[in-house]
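This is what each chain is made of:
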Amino acid sequence: MKRLHVHVGVSDLDRSIAFYSTLFGAAPTVTKPDYAKWMLDDPRVNFAISAANAAKGIEHLGIQAESPAELGEVYGRLKAADRPVLEEGCTTCCYARSEKSWIADPDGVVWEAFFTSGEATYYGDSPALSAVSETAADSCCVPAGAQAA
């Protein structure tokens, strides 16, 4: 079963962790000096926040697959959406090793489709996503090739 992913840029990580922990009724499953993530089952969402990026508010949305086969299904839908797709492939982002692709909706909202295969000890090194969205340049993980056409 897939999981919705939401990544929000925040100005005060500690205050935001306290707020979202109260809102979700759960502590983050991952906490780093510049990042926190909740893997919730109700609602089924991978909700992440980070303070290291210029963008505040929703940085991007995504669909997290639970298997490589499921990711292939989602990739097929991205390609059928008749928008430019940036296939990033294997990368490290948000303290995780993942395979991912990016697309922007007709209004420039950036979406990622990804499968996470393990943890990482550093935040990441994703390329800039300016190819799918003009607003993606200040986002955490959004590569330069992910801009709306």
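Before any of the text, the structure's been laid out above.
Some details on the overall build of the chain
1) Next: Counting secondary structure elements, the chain contains two helices and 10 strands.
2) Next: Taken from N to C terminus, the helices and strands of the chain fall in the order β-α-β-β-β-β-α-β-β-β-β-β.
3) Next: Counting all 149 residues of the chain, 49% fall into the buried class.
4) Next: Across the chain, the fraction of contacts at a sequence separation of at least 24, relative to all contacts at a separation of at least 6, is 53%.

Regarding the environment of Ile58
1) Next: By the secondary structure assignment, Ile58 is in strand 5 (residues 57-65).
2) Next: Measuring from C-alpha to C-alpha, the distance between Ile58 and Val6 comes to 7.3 Å, with 52 residues separating the pair along the chain.

Digging into the pairing of strand 8 (residues 110-119)
1) Next: Bridge count for strand 5 against strand 8 is five bridges, and the pairing is parallel. The residue bridging Gly62 from the neighbouring strand is Glu112, located in strand 8.
2) Next: Bridge count between strand 7 (residues 96-104) and strand 8: nine bridges; the pairing is antiparallel. From the neighbouring strand, Ala96 faces strand 8, where its bridge partner is Glu119.
3) Next: Following strand 7, the chain reverses through five residues before pairing antiparallel with strand 8; Gly108 in that reversal takes a positive phi of roughly 90 degrees.

About the thresholds
- Residues numbered from 1 in each chain as written.
- Predicted model: local features only at pLDDT ≥ 70, side-chain atom pairs only at ≥ 80, totals over all residues.
- Heavy atoms only, no water.
- Helix = DSSP H or I, 4+ residues; strand = E, 2+ residues; numbered from the N terminus.
- Buried < 20%, exposed > 50% of the residue type's maximum accessible area, 1.4 Å probe, protein only.
- Contact = heavy atoms within 4.5 Å.
- Pairing = 2+ DSSP bridges.

By themselves, these figures tell us nothing about what the structure is for.
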